[in-house]
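# Overview (structure and organization)
The lines below spell out each chain.
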Amino acid sequence: MMRNSPLALIFHALFSIFMVAPLVVVCLVAFTDKGYLSMPFDGASFRWFKEILERPEFIEAFWFSLELGVVSATLALALAIPAALAIGRWSFPGRGAINAFLLSPLMIPHLVLGVAFLRFFSELNINGTYLGLVLAHGLMIMPYALRLVLASTSGIDPTLEHAAQSLGASNWTTFKRITLPLLLPGIASGWVLAFITSFDELTMSVFLASPSTTTLPVRMYLHIEETIDPLVASVSAMLILMTLILMALLDKFFGLERLMVGKGH
Amino acid sequence: MSYLQLSNISKHFDEYVAVDNISLSVEKGEFISLLGPSGCGKTTTLQMVAGFLNPTAGSIVLDGKNITAMKPSERGLGIVFQKYALFPHMTVLENVAFGLEMRKVGKNERLQRAREALELVHLGLFIERYPRQLSGGQQQRVALARALVINPHLLLLDEPLSNLDAKLREDMQLELHDIQRRVGTTTIMVTHDQSEALAVSDRIAVMQSGRIEQIDKPFNVYEHPKSDFVSSFLGKTNTFEGRVSHGRLQVGGQHIAVDDLKLADSSNTRFALRPEKIRFCSDAPKISGKVSNRVFLGSQWIYEVQTPLGDFLIYESNNQKHDEIQEGETVGLSWDSQDMRLIAEEPASHV
Ligand SMILES: Nc1ncnc2c1ncn2[C@@H]1O[C@H](COP(=O)(O)OP(=O)(O)O)[C@@H](O)[C@H]1O
Ligand SMILES: [Mg+2]
């Protein structure tokens, strides 16, 4: 355990407050009973939460984003797992370059990604389609999944696989019964992180969404462009709640600290 | 033909020769140790038998079948890894039953057999635990049970006791020996610990730089080492060089009676003499020297004596009736001439 000096404690406290304060403010504003953004101290209500239910376009966008997140996070994992196994377990020429290449979407601004995909998808005639969004999101969130799966591959002792083989397990059985279960914490957390990143993405999606493929962040953005009312706050509060629940589940089953900080077993 | 036959096995890693033309025959039921310093190629040899490495040259025949190119999963060998390699996400019972499951043994039977195997290694009470909830010694036993439960053709052990503390290691040595005798599985153990090899093996193959220097029963390897390396690697030994003329040995300006050794004349002969073969004596000593150091170990004393032949190490059991020997004292030393070993490696012209 590191000992924290009082100064460090103050710093950490300020830092945490700085991080959390906007979220708290948004959640508070969601409970206002006024028609404009304001704190609920002189009148609180569930008015703006009820309002969500009367806006089918928000509900629709929510389900669309949910599905997009699930599909593209799954796609990202399907790419990230074999890539992480190859990069994490074997050394081969060009390994570092491939790793850097696969992580490179992290370094490209989403604005640039959005413009690039827009151009590329127009060429392929899939602009504004569901497929286009899935491909773009899958690619953009893949590095997040890769990072976490990669961290858990390095924690697996290769002699475990030898042990399974010596006991008669084929390569596939060894993967299914030994490697995959041991990768599961990394896979689960990688999936959740990828999902949240996709669910949350605005900048790139603005370029790629069409009226039939509007994600929730895009819907909120369009709404704010027209009018600023506490509806966006209540929607945001719901999203914060959903994220907290996901994180709590992840922590319960795998231990957040271990997953994110990468501590061994 | 022997049960297991390694013929002219070599393993090269690029330019580096890790195992250099090894041949080894193992009889059914035998316990063989590969003993040698770290880096001499023991693990590499074992991995080739297990199938995790392909030999660069040579063949491996097990029970009449050439298994050189067979997959590890088809060889049917039980392996205990140095770091145990227990599956962390499975209970002890599931770990042990895994090999039987792979052999499509029905659920009830495999759990039954796994329980029996765990009882064999005295872990009957721990079957529902996970490996991380066990001590090192207990994990070691689970690994052994997991390897034995499949009735392997061959049991391979890679430094199985090296991660245990000294006391536990001695207990486990005896237990390993006992279990192997009871089960009767042909076993190859890799170790760099000579006392471990001496304690449990039927035969020891002493390895150095990728080669086998000598294969023999533990007593013979210890008592009749074929080379300087073997004699110094197994236990401590005192060595000295001398010249033989007219059946007498001349060492460092001294004459030592060796009548009963029947030595031919030679210009330069190298001898090894075990520390426990030397005794203190006051009349007619072979040589005399000055005690420079002594250490009491409970069951025995260790002395260092400066002699004209060099510094000698002497072990004496704590059961001697003579007066206590002090540091700095001058003492006479004697031994039986037959206990002197000619070390074959040093070429003496007419031996
Ligand atoms: N995969 C490998 N690539 C290159 N060299 C290796 C490899 N495995 C082992 N070696 C080398 O071969 C030699 C023998 O290794 P090993 O069989 O593990 O020794 P031991 O088990 O006797 O300590 C060592 O010098 C080691 O560095
Ligand atoms: Mg080794």
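Since the model is a prediction, treat every value here as computed from it, not as a measurement.

For the rest of this paragraph, the subject is helix α10 (residues 216–226) of chain A. Among the residues making up α10 of chain A, those that are buried are L216, P217, V218, M220 and H223 of chain A. Among the structural elements, α3 (56–89), α8 (171–200), α9 (203–208) and α11 (231–254) of chain A are those in contact with the buried residues of α10 of chain A.

Evaluation of the coordinates by the stated rule reveals 21 aromatic pairs over all chains. When the ring of W301 of chain B is compared with that of Y303 of chain B, the centres are 6.1 Å apart and the planes differ by 20 degrees; the resulting orientation is stacked. Look at Y303 of chain B and you get buried, because its relative accessible area is 2%. Ring pairing ties together the aromatic residues F62, W63, W191, F195 and F199 of chain A, which thus form one cluster. In this arrangement the basic side chain of R146 of chain B is found over the ring face of F87 of chain B, its NZ or CZ atom lying 4.6 Å from the centre. The ring centre of Y222 of chain B lies 3.8 Å from the NZ or CZ of R274 of chain B, which sits over that ring.

Moving on to the packing of α8 of chain A against helix α3 (residues 92–102) of chain B. Across the interface, α8 of chain A lies against α3 of chain B with an axial gap of 13 Å and an inter-helix angle of 155 degrees. As summarised for this structure, α8 of chain A and α3 of chain B are arranged roughly antiparallel, according to the angle between their axes. Our pair here, α8 of chain A against α3 of chain B, has a crossing hand that is right-handed. Between α8 of chain A, through T173, R177 and I178 of chain A, and α3 of chain B, the contact on the second element is made entirely by F98, E101 and M102 of chain B. Counted by class, the contact of α8 of chain A with α3 of chain B contains three nonpolar, one polar and two charged residues.

What follows deals with the interface of chain A and chain B. If you look at the interface, chain A gives 15 residues, while chain B gives 20 residues. Counting the surface lost from both chain A and chain B, the interface buries some 1600 Å², and carbon and sulfur atoms represent 69% of this. When the buried area of chain A at its contact with chain B is split by residue, S166, L167 and R177 of chain A rank highest and sum to 40% of it. Counting the contacts that link chain A with chain B gives one salt bridge. Here E101 of chain B and R177 of chain A are joined by a salt bridge, their closest N and O atoms 2.7 Å apart. Between the two partners, chain A and chain B, sit three residue pairs in polar contact (both at pLDDT 80 or more). It is helix α7 (residues 158–166) of chain A that contributes the most residues to the side of chain A that touches chain B, seven residues altogether. Of the residues contributing to the side of chain A that touches chain B, the split by class is eight nonpolar, six polar and one charged.

In this structure the tally under the stated criterion is 20 salt bridges over all chains. With a shortest N-O distance of 3.0 Å, R89 of chain A and E161 of chain A are connected by a salt bridge. Highlighted residues: R89 of chain A in helix α3 and E161 of chain A in helix α7, separated in sequence by 72 residues. When its relative accessible area of 17% is taken as the criterion, E161 of chain A is described as buried. Measuring nitrogen to oxygen at the nearest pair gives 3.3 Å for the salt bridge that ties E109 of chain B to R113 of chain B. A residue pair is termed a helical-turn pair when its members lie 3 or 4 positions apart in one helix, as E109 of chain B and R113 of chain B do in helix α4 (residues 107–120) at four residues. On the basis of relative accessible area, R113 of chain B is assigned to the partly exposed category, the value being 23%. Where salt bridges share partners, they join D33, K34 and D42 of chain A into one cluster.

Moving on, we come to the environment of T129 of chain A. For T129 of chain A, the position within the fold is in the loop between α5 (110–124) and α6 (130–153). With 31 residues separating them in the primary sequence, T129 of chain A and I98 of chain A have C-alpha atoms 29 Å apart.

With that settled, the discussion passes to the UniProt feature "domain: ABC transmembrane type-1" (unreviewed entry) in chain A. Cross-referencing UniProt, the feature "domain: ABC transmembrane type-1" (unreviewed entry) maps to residues 62–250 of chain A in the present numbering. In residues 62–250 of chain A, helix accounts for 80% and strand for 0%; the two terminal C-alpha atoms are 22 Å from one another.

Turning our attention to the UniProt feature "domain: ABC transporter" (unreviewed entry) in chain B. On the UniProt side, "domain: ABC transporter" (unreviewed entry) is annotated at positions that read residues 4–234 of chain B here. The span residues 4–234 of chain B is 38% helical and 25% strand by assignment, and the distance between its end C-alpha atoms comes to 26 Å.

Parameters and conventions
Residues numbered from 1 in each chain as written. Chains lettered and ligands numbered in written order. Predicted model: local features only at pLDDT ≥ 70, side-chain atom pairs only at ≥ 80, totals over all residues. Heavy atoms only, no water. Buried < 20%, exposed > 50% of the residue type's maximum accessible area, 1.4 Å probe, protein only. Helix = DSSP H or I, 4+ residues; strand = E, 2+ residues; numbered from the N terminus. Contact = heavy atoms within 4.5 Å. Phe/Tyr/Trp six-rings, centres within 6.5 Å; stacked < 30°, edge-to-face > 60°. Lys NZ or Arg CZ within 6 Å of the ring centre and 35° of its normal. Axes fitted to C-alpha atoms, helices over the stretch in contact; angles between N-to-C directions. Parallel < 35°, antiparallel > 145°, perpendicular 65-115°, else oblique. Left-handed = near helix turned anticlockwise from the far one by under 90°. Nonpolar A, V, L, I, M, F, W, Y, C, P; charged D, E, K, R; others polar. Buried area = accessible area lost by both parts, 1.4 Å probe. Salt bridge = Lys/Arg side-chain N within 4 Å of Asp/Glu carboxyl O. Polar contact = N/O pair within 3.5 Å; in protein donor to acceptor, adjacent residues only side chain to side chain. UniProt positions renumbered as here; feature names shortened; annotations may be inferred.

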